[in-house]
Amino acid sequence: MRIAIYGTGSLGTVLGAYLAKNGVDVDLFSRNKEHIEALKKQGAHIVGKVDFIQKVNAYFPTEMKGEYDLIILLTKQLDNHNVVTFLKSHLAKDGDILTMQNGLPELSVSEVVGENHTMGCSVAWGATLLGKGVSELTSDPSSMSFGLGRINGNVDEHLLRAKGILEHMCPVVIESNFIGSRFSKLLVNSAFSGLSALLGTTFGGAANDKRSRVYCQRIIKEVIDVAKAANIKIEPIQGKDIVKLLDYHNPIKKKISFMLIPLCIKKHAALKASMLQDLQKGKKCEVDAINGVVSQYGKKFNVPTPINDAVVKLIHEIEEGKRKPNFDNLKDMPR
């Protein structure tokens, strides 16, 4: 079968290198000219928790030819409709697009290729693109995993085939409640990626500072309340029932939740959100696909989401050059 990774940035480079290293024939695509040229010349250099160089098949999107049985999508969601429309022309008749994007991208992908050709995958590991051809794996290999599924929860031959491919990198769990699994990741990303991007800090920086932890807690609460209203069961994260740990309905449970937040994110405290990396490069980020999704669900199910709304608004102001990512932005958050 023909396999492509479209959007070979930090995660895509690591994934492509691991798959190629373990014998999977995969093509890597990106518009990043310098990065692709480096991959073509010297291979993918993966550093951080590991250190190896792997020869890979690297191409520009204009070099994409023929049809693929599986296209793994790792671009930003900023232009999903046009990107997926382009990929549809290179998708085999019975092929699938497997999105590893943040938020709930399965909905926009399925609008173009159909639900039966759409798979989703949550990524339980992190990476940072350091330079031309070099990506840093920021998670311990022993803790890496994927959560794989379809919107309707169906498990079929194609899903199992994708599972077998991804297992060349790390363990894969098929999620029967895939939307619940996506909401688990959405909870983490909205609370820590969104807020840390606004504040110009790491996940740990947002969680450990008591001034910002208040807003981490309120974002988490909004996600939990939205999921309950939408009748979505948020799945455990690496075996931990995040709702049981962090939801609250009285002052005592609220204090316990507040104390637990830094502990829950301890293993990922050093992570720098890709949203913040984009903002620091003067690029637009994916806040609408993360905190914005919480706001959209809140409107749909009549659940107030003032903190997520504020994060979206303030980050857009950073994109417009009206403010910078730092802790001064807390003064403009709702009280």
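If you're wondering where the values come from, they're calculated on a predicted model, not measured in any experiment.

Asks: Can you help me understand the overall build of the protein in this one?
Replies: The helix and strand tally for the protein stands at 13 helices and 12 strands. Radius of gyration (C-alpha) of the protein: 19 Å, near the 20 Å computed for a compact globule of 335 residues. Referenced to the eigenvectors of the C-alpha coordinate spread, the extents of the protein come out at roughly 55 × 40 × 35 Å. Residue pairs at least 24 apart in sequence account for 68% of intrachain contacts in the protein once pairs closer than 6 positions are excluded. Working note: accessible area of the protein is about 15000 Å², and carbon and sulfur atoms make up 52% of it.

Asks: Which parts of the structure should I look at to understand helix α13 (residues 306–319)?
Replies: For the α-helix, the turn length of 3.6 residues means that residues three or four positions removed from each other point alike. When the terminal C-alpha atoms of α13 are compared, their 20 Å separation across 14 residues agrees well with the 20 Å that a helix rising 1.5 Å per residue should span. Buried within α13 are the following residues: Ile307, Asn308, Ala310, Val311, Val312, Leu314, Ile315, Glu317 and Ile318. The inward-facing, buried residues of α13 contact α6 (178–199), α8 (210–229), α11 (274–280) and α12 (291–300). The first or second residue beyond α13 is Gly321, which carries a positive phi of 80°.

Asks: Where do I start with the packing of aromatic side chains in this structure?
Replies: The description of an aromatic ring pair rests on the distance of the ring centres and on the angle between the ring planes. Across all of its chains, the model carries nine aromatic pairs by this definition. Ring plane angle 85° and centroid distance 6.1 Å describe the contact between Phe29 and Tyr68, whose orientation is recorded as edge-to-face. Here Phe29 is found in strand β2 (residues 26–29), whereas its partner Tyr68 is found in strand β6 (residues 68–73), with 39 residues between them in sequence. Judged on exposure class, the residue Phe29 and its partner Tyr68 are both buried. Put simply, the rings of Tyr6, Phe29, Tyr59, Tyr68 and Phe86 pair up and form one aromatic cluster. In this arrangement the basic side chain of Lys21 is found over the ring face of Phe52, its NZ or CZ atom lying 4.7 Å from the centre.

Asks: Explain the sheet that holds strand β7 (residues 91–99) to me, please; I cannot follow it from the model alone.
Replies: Hydrogen bonding along the main chain pairs the strands of a sheet, whether they run parallel or antiparallel. The strand order across the open sheet formed by eight strands is β5-β2-β1-β6-β7-β8-β11-β12, and the pairing between neighbours is mixed. A strand with exactly one partner marks an edge of an open sheet, and here the two such strands are β5 (57–59) and β12 (172–174). Averaged over all neighbouring strand pairs, the angle between strand axes comes to 25°, with direction disregarded. Across the sheet, helix α2 (residues 33–42) touches β2 and β5, and the angle it forms with β5 is around 150°. Across the sheet, α6 lies against β7, β8 (118–123) and β11 (146–149), angled at about 35° from β8, the strand it touches most.

Cut-off values and rules
- Residues numbered from 1 in each chain as written.
- Predicted model: local features only at pLDDT ≥ 70, side-chain atom pairs only at ≥ 80, totals over all residues.
- Heavy atoms only, no water.
- Helix = DSSP H or I, 4+ residues; strand = E, 2+ residues; numbered from the N terminus.
- Rg over C-alpha atoms; globule rule 2.2 N^0.38 Å.
- Contact = heavy atoms within 4.5 Å.
- Areas by Shrake-Rupley, 256 points an atom, 1.4 Å probe, with all protein chains shown as cover.
- Expected span 1.5 Å × (residues − 1).
- Buried < 20%, exposed > 50% of the residue type's maximum accessible area, 1.4 Å probe, protein only.
- Phe/Tyr/Trp six-rings, centres within 6.5 Å; stacked < 30°, edge-to-face > 60°.
- Lys NZ or Arg CZ within 6 Å of the ring centre and 35° of its normal.
- Pairing = 2+ DSSP bridges.
- Axes fitted to C-alpha atoms, helices over the stretch in contact; angles between N-to-C directions.

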